[in-house]
Every structure is written in C-alpha cells, then in structure tokens.
Amino acid sequence: MKRNDDDKNGNGGQDGNGGDDFEHGVAVKNRAKTKKPSMYKVLMLNDDYTPMEFVIHVLEQYFSKNHKEATRIMLHVHQKGVGVCGIFTYEVAETKVNQTMDLAQQHQHPLQCTIEKD
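**Student:** Tell me about the side chain of Thr-100, and please be specific about residues and values.
**Tutor:** Relative to the helices and strands, Thr-100 resides in helix α3 (residues 90-106). On the basis of relative accessibility, which here comes to 0%, the residue Thr-100 falls in the buried class. The contacts of Thr-100, once residues within four sequence positions are left out, are Met-44, Val-58, Tyr-62, Phe-63, Leu-111 and Cys-113.

Listed below in structure tokens is the structure:
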C-alpha cells in the first residue's frame, strides 16, 4: 500500500509515536461448511398398458439415457415392477417425474413415476 505523504496530520502516515497508522493483517471470515443436498431416486413403476417404446423414449428424452441404457432400464422395470431412472437433487427429480407423468397423460398412458430419498 502506498502511503500518502500529504496526510491530515502532516507526518507522512505515521502517528505521533512514530508507528504506522495502518494495521497489517489478514482478514479472516469463518464460513459455515456447505452441506451437500439430499439426493433422490426417480423410480418408474411397471404397468400392463404403457408401450415399451414409449418408456424408452421417456428415458432417452428426460433422463438422457442412450438407447441401450434406456432399453436395459425399461426391461428391468418390466421384469421387476420398479426401476431407478436416475438420482438427482429434489427439485430436479420432481421436475423429471412431472415431465414424465405429463407426457404419459398426453399420450393416455398410465405410466407412473415417483421419487424416493436415496
């Protein structure tokens, strides 16, 4: 830091005792540790009416799965009754469930999705 030789008391930035009137140090601010958000699984439930191709389409479109992975998940849901589509923060999981359910309703399919804390 550059001292101003023309300071108020005319003594070149020093106090009357010959010391600097500038304090040196590092400002330290304690921060609370940020906590990772809770994660949620998006679960897809099997039904006897929704076409397999539609489920694959949903997995590709809303869950960013490639065709092979989408097919694997769809078959798992078909055989086991339920399957995990992905794990996300609450807001993202909720959005993906809503997108899936809205598209299924538009196409008159009874496809169901839900979320579960991981």
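**Student:** I'd like to hear about the nonpolar core, residue by residue, with values.
**Tutor:** Residues Val-42, Met-44, Val-58, Leu-59, Phe-63 and Leu-111 are the most contacted members of the largest nonpolar core, which totals 22 residues. Elements with a contribution of two residues or more to this core: β1 (39-45), α1 (52-63), α2 (67-80), β2 (82-89) and α3. In terms of residue count, the dominant contributor to this core is α1 (7 residues). Apart from residues lying up to four places away in sequence, Phe-63 is in contact with Val-42, Val-58, Cys-85, Phe-88, Lys-96 and Thr-100.

**Student:** Describe a nonpolar patch on the surface, and please don't skip the residues or the numbers.
**Tutor:** Side chains of Met-39, Val-84 and Ile-87 sit close together on the surface and give an oily, nonpolar patch of about 210 Å² of accessible area. One can find Val-84 in strand β2.

**Student:** A description of the packing of aromatic side chains should follow, citing residues and the corresponding values.
**Tutor:** Using the criterion set out here, one finds 2 aromatic pairs in the structure. Where Tyr-40 meets Tyr-90, the ring centres are 5.2 Å apart and the plane angle is 70 degrees; that geometry is what we call edge-to-face. Taken together, the positions of Tyr-40 in strand β1 and Tyr-90 in helix α3 put the pair 50 residues apart, joining distant regions of the chain. Tyr-90 sits in the partly exposed class, given a relative accessible area of 34%. Measuring from centroid to centroid gives 6.2 Å for Phe-63 and Phe-88, while their planes differ by 45 degrees, and the two rings are tilted. With Phe-63 in helix α1 and Phe-88 in strand β2, the pair connects residues that are 25 residues apart, well separated along the chain. Using a relative accessible area of 18% as the deciding quantity, one classes Phe-88 as buried. Here Lys-96 stacks its cationic end above the ring of Phe-88, 5.2 Å away from the centre of that ring.

**Student:** Report on unusual backbone geometry, specifying residues and quantitative values.
**Tutor:** One non-glycine residue, Ser-64, lies in positive phi territory at about 55 degrees. Positioned with a positive phi, Gln-108 is a non-glycine residue whose angle comes to about 60 degrees. Along the polypeptide, Gln-108 turns up in the loop between α3 and β3 (112-117).

**Student:** Go over the packing of α1 against α2 with me, naming the residues and quoting the values.
**Tutor:** Direction vectors running N to C along α1 and α2 enclose 125 degrees, while the axes themselves pass 9 Å from each other. In terms of their interaxial angle, α1 and α2 are classed as oblique. Note that α1 runs across α2; the crossing there is right-handed. Here Met-52, Val-55, Ile-56, Leu-59 and Glu-60 of α1 come into contact with α2, specifically with His-67, Ala-70, Thr-71, Ile-73, Met-74 and His-78. The residue inventory of the contact of α1 with α2, partitioned by class, reads 7 nonpolar, 3 polar and 1 charged.

What counts and how
Residues numbered from 1 in each chain as written. Predicted model: local features only at pLDDT ≥ 70, side-chain atom pairs only at ≥ 80, totals over all residues. Heavy atoms only, no water. Helix = DSSP H or I, 4+ residues; strand = E, 2+ residues; numbered from the N terminus. Buried < 20%, exposed > 50% of the residue type's maximum accessible area, 1.4 Å probe, protein only. Contact = heavy atoms within 4.5 Å. Core = buried A, V, L, I, M, F, W, Y, C linked by side-chain atoms within 4.5 Å. Patch = residues over 30% accessible without salt bridge, like charges linked within 9 Å, V, L, I, M, F, W, Y side chains within 5 Å. Areas by Shrake-Rupley, 256 points an atom, 1.4 Å probe, with all protein chains shown as cover. Salt bridge = Lys/Arg side-chain N within 4 Å of Asp/Glu carboxyl O. Phe/Tyr/Trp six-rings, centres within 6.5 Å; stacked < 30°, edge-to-face > 60°. Lys NZ or Arg CZ within 6 Å of the ring centre and 35° of its normal. Axes fitted to C-alpha atoms, helices over the stretch in contact; angles between N-to-C directions. Parallel < 35°, antiparallel > 145°, perpendicular 65-115°, else oblique. Left-handed = near helix turned anticlockwise from the far one by under 90°. Nonpolar A, V, L, I, M, F, W, Y, C, P; charged D, E, K, R; others polar.

Read these as layout, nothing more, since geometry by itself doesn't imply function.
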